[in-house]
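# Topology and contacts: notes
Take a look at the letters that make up each chain.
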Amino acid sequence: MTADFSATNSSTPPHGHPALAGPVQFGFTSSTAALFEAHPVPGGESPGRVIRVDRNRVLVAGAAEHWHLPYPSHGDVPATGDWVWLGTNAVGEPAVISVLPRQSALSRKRAFEASSEAQVLGANVDVVGVVVPVDRPLTHNRLERTLVAAWDSGATPLVIITKADLADIADDVVGKVILQAAGVDVVTTSAEYVDGLDELLGHVPAGATLVLLGPSGAGKSTLINALAGHRLQEVGPVRAGDGKGRHTTTARELIPLPGGAVLMDTPGVRGFGLFDADDGMGEMFGDLEELFGQCRFADCAHDREPGCAIQGALADGTLEMRRWESYLKLQRELAALNRRHDVAARRAYQREWHQKVVVAGKSQRAAERYGQDAAGDRAGGDGKRGKRKRR
């Protein structure tokens, strides 16, 4: 599909151009216009936003039209939510010229375990809504892991409890989530009864982008239909046996909402491998970092050292063992990722591991010699006969 960009925008570089226009219904604001003006590129004619990424093309919204365009020939690969410069290619067809720097990026480690690469789930997101349904057991580690990634994205996390019309269990789930997600706002919703939606939208002003994260069957599609005011997403059944649903959303896509906000739907996320989430860990586990500063020794390993504030908190019950173990598990995951990502760190780890193996081997041989010597002493009676000759 071809289009005449000059119909709505000047073809000259837009730095300082007062008539710069973009897709308002997809979050284009005056601050977005300033971002484009601060990052002009040769051939850039008008602003656009990526509203969906397909296998080898991107669906881009302009000020007045949508285009299904190939990936840009160079530079960053676009992600859903990216702001892009639109222009024309060498043969005069519409094209993505450049991807603007991201103001935020929600990323996770790619699904295959050996990878240390990031998969960008969404760009330029303002609020990350972590969807927690009340009709299945609360998985604490999953919630913490997702909130760590949300904090690290640069966006603001928000926990959205769905299916709250199941009142017999909702209060218990809400209480657990509030304790688990300390420092994060929690909104309780029931799309079935259109309850809590105004409070949810109050966290997402006009022009802001909200992304929903949650497992399949969590009620995201039902919530999206309620927020949009009409049926946009198919709603699938949830299996009675395990509470899981099938994926009714197959691609990340931006959806304009009536109040001017933008919603990004995502397929159900089964796993959320962290990627370089040190900042998010600090936000999510700030209470532990405060305790670290109270330990007697600056290099405390938080194991058996005297004066360890962590062990003290575990002993008096002010820190849950489950939370401490979750922190350690996430730290091990990040350390493993860093080793794969950083060649120098990987080599240092291998040297350390080799040294431990060598020491362990020496200790084992020493133990064997000691056992043989002891056996010889018992056989000799006087401790002189039957001993092995030492080298």
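Residues numbered from 1 in each chain as written. Predicted model: local features only at pLDDT ≥ 70, side-chain atom pairs only at ≥ 80, totals over all residues. Heavy atoms only, no water.

### Points about the confidence of the model for the protein chain
- On average, the protein chain scores 76 in pLDDT, and the residues at 70 or more come to 67%.
- Residue range residues 1-17 is modelled with pLDDT below 50. Its contacts to residues more than four positions away, or to other chains, number 36 contacts.
- A low-confidence stretch, residues 383-391 stays under pLDDT 50, and its non-local contacts, those more than four residues away or across chains, total nine contacts. (pLDDT = per-residue confidence, 0-100. Contact = heavy atoms within 4.5 Å.)

### Focus: unusual backbone geometry
- Although it is not a glycine, Val194 adopts a positive phi angle of roughly 50°.
- Turning to its location among the elements, Val194 is positioned in the loop between β10 (185-188) and α4 (197-201).
- Phi is positive for His302, which is not a glycine, with a value near 60°.
- Along the polypeptide, His302 turns up in the loop between α7 (286-292) and α8 (309-316).
- A residue is classified by how much of its surface remains accessible, and His302, at 16% relative accessible area, is buried. (Helix = DSSP H or I, 4+ residues; strand = E, 2+ residues; numbered from the N terminus. Buried < 20%, exposed > 50% of the residue type's maximum accessible area, 1.4 Å probe, protein only.)

### As for the side chain of Thr209
- The residue Thr209 is located in strand β11 (residues 209-213) in this model.
- Note on Thr209: relative accessible area 1%, which makes it buried.
- In terms of polar contacts, Thr209 uses its side chain to reach the side chain of Arg49, at 3.0 Å.
- Setting aside residues up to four positions removed in sequence, Thr209 forms contacts with Arg49, Asn124, Val125, Asp126, Val127, Val204, Leu254 and Val262. (Polar contact = N/O pair within 3.5 Å; in protein donor to acceptor, adjacent residues only side chain to side chain.)

### Concerning the pattern of salt bridges
- Enumeration according to the criterion identifies five salt bridges in this entry.
- In this structure, Arg52 and Glu253 form a salt bridge, with 3.5 Å as the shortest nitrogen-oxygen distance. Here the residue Arg52 occupies a position in strand β1 (residues 46-53), and Glu253 occupies one in strand β12 (residues 253-256), the gap between them amounting to 201 residues.
- Close ionic contact of Asp303 with Arg304 constitutes a salt bridge, the shortest N to O distance being 3.2 Å.
- Take Asp303: its relative accessible area is 42%, and that puts it in the partly exposed class.
- Here the residues in one salt-bridge network are Arg52, Asp54 and Glu253, joined through shared partners. (Salt bridge = Lys/Arg side-chain N within 4 Å of Asp/Glu carboxyl O.)

### Points about the packing of aromatic side chains
- Going through the model one piece at a time under the given rule, you end up with seven aromatic pairs.
- Arranged with centres 6.2 Å apart and planes meeting at 50°, the rings of Phe28 and Phe36 form a pair that is tilted.
- For Phe28, a relative accessible area of 9% puts it in the buried group.
- Seen in terms of ring centroids, Phe292 and Trp324 are 6.2 Å apart; in terms of plane orientation they differ by 70°. Their pairing is edge-to-face. (Phe/Tyr/Trp six-rings, centres within 6.5 Å; stacked < 30°, edge-to-face > 60°.)

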